[in-house]
Amino acid sequence: MWRKWLAVSLAALIIISGCSQEKEVVDEQPEKQVEDIVKEDKEIQFQYPLTGVKTEIEPMDRAVAVVVNNHPQARPQTGLHKADIVYEVLAEGKVTRFLAIFESERPEKVGPVRSARDYYIDLAKGYDSIFIAHGYSPEAKEMLMSGEIDNLNGIQYDGSLFKRVDFRYAPHNSYITFENIVKGAEDNQFSLEKAPEGLAFLDESEIEGLSGQSTEKVEISYGNSTFDVQYEYNKDKNKYHRISAGETTVDLDSNQPVQLDNVLIVEMNHEIVDNAGRRDINLASGGQGYLLRKGLKTEVEWKNVDGRILPFIDGAEAEFVPGKTWINIVPSLDRVSFGTQS
């Protein structure tokens, strides 16, 4: 009787043990599947459209373009080091201003903000940007008032969305926070979503095989030493630093230098159109230029492609190194010289 009970018990134990083992196997399988799914998710890579830098989150933010003052009394500026793309263009006389385009990063605030010109608006439209300026030329005012681009202007929002600091004098003291840009956009029912179409970028193997003339330094003359520009290539960081009036371009609040991966210099026809010295700049003609990447200089042809100034080599669009890009528009390439660092 005991033996019979023992046999039954052993059989039951085997069945229970077997069921337990099967349960463990069944329980393990979903865990492994979950791990695989998580791993696959981590391997999915997006990239920011205007820098080509990898990100695990799909970029959804609309670009914001801000006209930034470059007068000596406006330096150092705030927020430029976080811009994906910056255009540097002559305004009146021998004075340049910046059009800073933000998408991948948003500084807390940006400025000093300065007045618009028609060609800044045209450049901003190439990225479907919300356009930020404080003031405007007659031509720019007409474009903005007609609704040609979603915009916020300090003329209408001085003291509300735009704030003036007390350590600088007008017109070099107007700033706007990104919190107020969002508020202004929402109040005006401007969409804040839909990232711009991406630029073309080199992959790692293409960067390793990049060719061009070794160039450590470039100087750009705008006819005024206060606004002349130098870019120097830092081999240790593989970045370009920008210098004007003998000073490295840094952020006012953080003291971080502007560090760039691409410098595009393009020649465009400039024409004085009024007694105030305002200009008409031909953004559409195409022409010659230079592209600097990884310490190498390449001669390029530039074209306006859907409002964007892009470089071409032998008829094919030249790809950028992933990272930040500055584009200098000059009246003549005779104003550009290259050399080695001292």
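It should be noted that the structure appears before, not after, this text.
Quick look at the structure, then. (Residues numbered from 1 in each chain as written. Predicted model: local features only at pLDDT ≥ 70, side-chain atom pairs only at ≥ 80, totals over all residues. Heavy atoms only, no water.)

Let's shift gears to the overall build of the chain. When helices and strands are counted, the chain shows six helices and 25 strands. By residue count, 47% of the 342 residues in the chain fall in the buried class. Taking the intrachain contacts of the chain between residues at least 6 apart in sequence as the baseline, contacts between residues at least 24 apart amount to 63%. As displayed, the chain offers around 17,400 Å² of accessible surface, 48% of which is attributable to carbon and sulfur atoms. (Helix = DSSP H or I, 4+ residues; strand = E, 2+ residues; numbered from the N terminus. Buried < 20%, exposed > 50% of the residue type's maximum accessible area, 1.4 Å probe, protein only. Contact = heavy atoms within 4.5 Å. Areas by Shrake-Rupley, 256 points an atom, 1.4 Å probe, with all protein chains shown as cover.)

Below, the discussion takes up the packing of aromatic side chains. What the rule picks out here adds up to six aromatic pairs. When the ring of Y119 is compared with that of Y120, the centres are 5.0 Å apart and the planes differ by 55°; the resulting orientation is tilted. In this pair, the class of Y119 matches that of Y120, namely buried. Between Y233 and Y240, the ring centres sit 4.9 Å apart and the planes meet at 50°, which makes this aromatic pair tilted. Accessibility expressed as a relative area gives 9% for Y233, which makes it buried. The exposure class assigned to Y240 is buried, which follows from its relative accessible area of 1%. Over the ring of Y175 we find K109, and its NZ or CZ is 5.6 Å from the ring centre. (Phe/Tyr/Trp six-rings, centres within 6.5 Å; stacked < 30°, edge-to-face > 60°. Lys NZ or Arg CZ within 6 Å of the ring centre and 35° of its normal.)

Right, let's get into the pairing of strand β14 (residues 239–244). Taken across its six residues, β14 has five buried, putting it largely inside the fold. Judged from the six bridges that link them, strand β13 (residues 229–234) and β14 form a sheet pairing that is antiparallel. In the strand pairing of β14, Q230 is matched with I243. The hairpin turn running from β13 into β14, its antiparallel successor, is four residues long, and N238 in that turn takes a positive phi close to 55°. The pairing of β14 with strand β16 (residues 259–260) spans two bridges and is antiparallel. Following the sheet pairing, Y240 is matched in β16 by L260. As judged from the two bridges shared by β14 and strand β15 (residues 247–248), these two strands associate in the antiparallel manner. (Pairing = 2+ DSSP bridges.)

Estimated volume of the largest pocket: approximately 230 Å³. Along the walls of the largest pocket sit 13 residues, with E197, G198, V305, D306 and R308 positioned nearest its centre. For the lining of the largest pocket, a count of residues per class yields six nonpolar, two polar and five charged. (1 Å grid on protein atoms, 1.4 Å probe; cavity = no way out; pocket = protein on both sides within 12 Å on 5 of 7 lines; lining within 4 Å. Points joined across faces, edges and corners; volume = space filled by probe spheres on them. Nonpolar A, V, L, I, M, F, W, Y, C, P; charged D, E, K, R; others polar.)

What follows is about unusual backbone geometry. Following R75, the chain continues into P76 via a peptide bond in cis, with omega recorded as -10°. Note on placement: P76 falls in the loop between β3 (64–68) and β4 (85–90). Omega for the bond connecting G111 with P112 falls within 30 degrees of zero, at 0°, which places this linkage in the cis form. Relative to the helices and strands, P112 is located in the loop between β6 (109–110) and α2 (118–125). Despite not being glycine, Q189 has its phi angle at roughly 60°, a positive value. Take Q189: it is sitting in the loop between α5 (178–187) and α6 (204–208). Residue Q189 is classed as exposed on the basis of its relative accessible area, which comes to 72%. Phi is positive for K194, close to 80°, though the residue is something other than glycine. With respect to the element layout, K194 can be found in the loop between α5 and α6. Since its relative accessible area comes to 64%, K194 is described here as exposed.

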